[in-house]
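Commentary on secondary and tertiary structure
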Amino acid sequence: MPHDTPLIATIVAGLGFAFVFGALANRFRVPPLVGYLVAGVLVGPNTPGFVADASLANELAEIGVILLMFGVGLHFSLKDLLSVRAIAVPGAIVQIGFATLLGAGLAWLLGWSLGAGLVFGLALSVASTVVLLRAMQERRLIETERGRIAVGWLIVEDLAMVLALVLLPALAGVLGGQPQADHSSLLSLPASYGIWGVVGMTLAKVVAFVVVMLVVGRRVIPWILHYVAHTGSRELFRLSVLAIALGVAFGAAKLFGVSLALGAFFAGMIMSESELSHRAAEESLPLRDAFSVLFFVSVGMLFDPLSLISNGLPILATLAIIVIGKSLAAFVIVIAFRYPIATALMISASLAQIGEFSFILAELGVGLKLLPEQGRDLILAGAILSILLNPLMFLLVDWMKPWLEKRVGKAPEETRPIGPATEPGQVASVATAPEKEDGPPPRTALAGHSILVGYGRVGSLVGAALKEAALPLLVIEDTQKTLAKLKADGIETVAGNAANAEVFSAANPEGAKRLILAIPNAFEAGQVVLRARAANPAIDVIARAHSDAEVEHLKGLGADTVIMGEREIARGIVEIVTGETAVPDEPAIEIKPQPA
């Protein structure tokens, strides 16, 4: 067996160092991604010791981007995308233009050419897919209105960068660079087509890809999933999900010149129409997490710490454009569309960083002799520092939000744009306005009620039983589609993560009789148990678990009853086989109807 295995060495070193430094970062209450970046610096070529293969790390990181965008697509419908087009399309275009002008201005001060300024500005204008989505997922904002705007904004940015990557080789000679044939896809366009010919063909290819996905993919992808699911093989189902995600992304890039991330997003969005989409998301989650970590490691590998000294002032100026210039532009744009301050602040923080597309543009610019190598170094340093500062940006906007709202005031709900029918210039009525997402949710008036956390496969069955028994019920859930269904069924809800203090307080735990934790994550459930016990020591806490260790963990935090699914299944089998009722290890939950 050969001992020269750079792929294995890169994966082992990347994940191993990322784990060590991610754990240290978490220990000091710093986001783990900071540890992943530090790990990348240590295994990169700019520090002594072991050096991982940078080209392999970049390809592994690209897989992480594909799987992450695929996962977002699984939770993002075409209707959601269209619902934010009125803000995402003009907002992204204006923000890209403003950031490009700022970047070109800095390039002019550094004595670079017009072409260098254009490439540099474009590279600073586009946010990182991985960083933005990680931030959204950590805060459970993907399925909120703010999350949909941010993701829609990101998709428009990706489309704009796809167009830029195709046009730059055709325009290189005009901009003072070296023309170069583009062989990135099977349908690459020669520069002889002219500028407008290249633009038209590029747009035609993107439209063709979207049409193929909506017409053919909408039928074929769900059919494949259902066929594989009926084989009963979990291994084949997991394989089919990964094959579809990676296959569609690769095909989109090679056949249509669309970015890998955008192709994966559409694959996930089409798959979301299948009833098996939740299972598909669960099966792809471990690989998504592992490869997204390798993305941050690969970014860290490119960073030279000594550049902070040799290019100190230009790096600070680059960072200011990314963190301050882009953020201010996004904030003003969102406020101009009459969205609330909290929405504007969140989107500003989300976009205050750059990533993978910036690296691709930088490399292309250097290859076309448009961008000097110093420009690539500045882009790389700006990316690293902006990614490191991004969690602090979210803390900053959380601090700024109440301060700004006191001085500026909130946007009136009756004039806030909502829903897919909203166009520029239109306003929504109070009657159709959704529940606001800014500030703490309103506190319920219920008392003596049951708080049900999570309304998935288990929670929906529990909720149905409680409703049938006419017991007062409140559900805490963070999925918009589920919340809409609960409201339609007349069940009171609180939107958000129950581990959040403001969200849980809105459910009035002090006056509640029972807390039922139907979520499968025992660690998150443990945080909720602690909040419940602090608010109401007499509340009856019932939770679910998947192992004896989780049972002990939840009981140690104060849960009265913890039900383990495997134990209940075994108990049911024993009852059927023996014809006798098994002796329960835990007291049963008795649900009695309310007296008339």
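Nothing here was measured: the structure is a model prediction, and the numbers come from that model.

Moving on: the overall build of the chain. Within the chain one finds 23 helices and 6 strands. At a minimum sequence separation of 6, the contacts of the chain that also span at least 24 residues come to 73%. Element-wise, carbon and sulfur atoms account for 66% of the exposed surface of the chain, whose accessible area totals about 27400 Å².

All right, on to the packing of aromatic side chains then. Here the structure, examined in full by the defined rule, presents 7 aromatic pairs. Aromatic side chains tryptophan 112 and phenylalanine 120 sit 5.3 Å apart centroid to centroid with 85° between the ring planes, which places their arrangement in the edge-to-face category. Taken individually, tryptophan 112 and phenylalanine 120 each receive the classification buried, so the pair is uniform in this respect. With a centroid separation of 5.6 Å and an interplanar angle of 80°, the aromatic rings of phenylalanine 209 and phenylalanine 266 are classed as edge-to-face. Of the two residues, phenylalanine 209 is situated in helix H9 (residues 195–229) and phenylalanine 266 in helix H11 (residues 260–271); the sequence distance between them amounts to 57 residues. Comparing phenylalanine 209 with phenylalanine 266, the two get one shared label, buried. Put simply, the rings of Tyr36, Phe295 and Phe296 touch in pairs and so form one group of aromatic residues.

Inspection of the secondary structure assignment puts arginine 85 in helix H5 (residues 85–109). Put simply, arginine 85 and valine 156 are 71 residues apart on the chain and 9.3 Å apart in space, counted from C-alpha to C-alpha.

With 14 residues, helix H21 (residues 522–535) ought to run about 20 Å at 1.5 Å a step, and its terminal C-alpha atoms sit 20 Å apart, in line with that. Within H21 the residues assigned to the buried category are Ala522, Glu524, Ala525, Gly526, Val528, Val529, Ala532 and Arg533. For H21, the secondary structure elements touched by its buried residues are strand S1 (450–453), helix H20 (501–505), strand S4 (514–517), strand S5 (540–545) and helix H22 (548–557). A side-chain oxygen of the first residue of H21 lies 3.1 Å from the backbone nitrogen of glutamate 524; this N-cap is asparagine 521.

Next up on the list: the packing of helix H14 (residues 312–336) against helix H15 (residues 341–350). Packing of H14 against H15 brings their axes to within 8 Å, and their N-to-C directions diverge by 150°. Viewed along their axes, H14 and H15 adopt a mutual orientation that is roughly antiparallel. Judged by the twist between their axes, the crossing of H14 over H15 is right-handed. The residues of H15 that touch H14, namely those facing Ser327, Ala330, Phe331, Val334 and Ile335, are Ile341, Thr343, Ala344, Leu345, Ile347 and Ser348. Of the residues in the contact of H14 with H15, the class split is 8 nonpolar, 3 polar and no charged.

Together, Val207, Val211, Val212, Val215, Val216 and Val220 make up a nonpolar patch on the protein surface, roughly 450 Å² of accessible area in all. Along the chain, the position of valine 216 falls in helix H9.

Neither face of S4 is open: one carries Arg514 and Ile516, the other Leu515 and Leu517, and all of them are buried. As judged from the 4 bridges shared by S1 and S4, these two strands associate in the parallel manner. The residue of S4 that forms the bridge with serine 450 is arginine 514. Where S4 and S5 come together, 4 bridges link them in parallel fashion. Each bridged residue has a counterpart across the sheet, and for isoleucine 516 the counterpart in S5 is isoleucine 542. After leaving S4, the chain enters H21 and then returns to the sheet as S5, a path that is right-handed.

Another point: the nonpolar core. Judged by nonpolar contacts, the single largest core of 136 residues is most densely connected at Trp153, Phe296 and Leu371. The greatest single-element share of this core, amounting to 14 residues, is contributed by helix H8 (residues 145–171). If we ignore the near neighbours within four places in the chain, the residues touching leucine 371 are Trp112, Ala116, Val119, Phe120, Ala362, Gly365, Val366, Arg376 and Ile379. Membership of the second largest hydrophobic core comes to 29 residues, among which are Ala506, Leu554, Ala559 and Val562.

Spatially, 6 strands are ordered S3-S2-S1-S4-S5-S6 in an open sheet, and the strand pairing comes out parallel. Single-partner strands in this sheet number two, and they are strand S3 (492–495) and strand S6 (561–564). Strand-to-strand twist in this sheet, taken as the mean axis angle between neighbours without regard to direction, amounts to 20°. Bridge count between S5 and S6: 4 bridges; the pairing is parallel. Within S6, the position partnered with alanine 545 by the bridge is methionine 564. Contacting S1, S4 and S5, H21 crosses the sheet at an angle of about 175° to S4. The strands that helix H23 (residues 565–578) touches are S5 and S6; relative to S6, the one it contacts most, it runs at about 65°.

The rules behind the values
- Residues numbered from 1 in each chain as written.
- Predicted model: local features only at pLDDT ≥ 70, side-chain atom pairs only at ≥ 80, totals over all residues.
- Heavy atoms only, no water.
- Helix = DSSP H or I, 4+ residues; strand = E, 2+ residues; numbered from the N terminus.
- Contact = heavy atoms within 4.5 Å.
- Areas by Shrake-Rupley, 256 points an atom, 1.4 Å probe, with all protein chains shown as cover.
- Phe/Tyr/Trp six-rings, centres within 6.5 Å; stacked < 30°, edge-to-face > 60°.
- Buried < 20%, exposed > 50% of the residue type's maximum accessible area, 1.4 Å probe, protein only.
- Expected span 1.5 Å × (residues − 1).
- Polar contact = N/O pair within 3.5 Å; in protein donor to acceptor, adjacent residues only side chain to side chain.
- Axes fitted to C-alpha atoms, helices over the stretch in contact; angles between N-to-C directions.
- Parallel < 35°, antiparallel > 145°, perpendicular 65-115°, else oblique.
- Left-handed = near helix turned anticlockwise from the far one by under 90°.
- Nonpolar A, V, L, I, M, F, W, Y, C, P; charged D, E, K, R; others polar.
- Patch = residues over 30% accessible without salt bridge, like charges linked within 9 Å, V, L, I, M, F, W, Y side chains within 5 Å.
- Salt bridge = Lys/Arg side-chain N within 4 Å of Asp/Glu carboxyl O.
- Pairing = 2+ DSSP bridges.
- Right-handed = clockwise from strand over helix to strand, strands pointing away.
- Core = buried A, V, L, I, M, F, W, Y, C linked by side-chain atoms within 4.5 Å.

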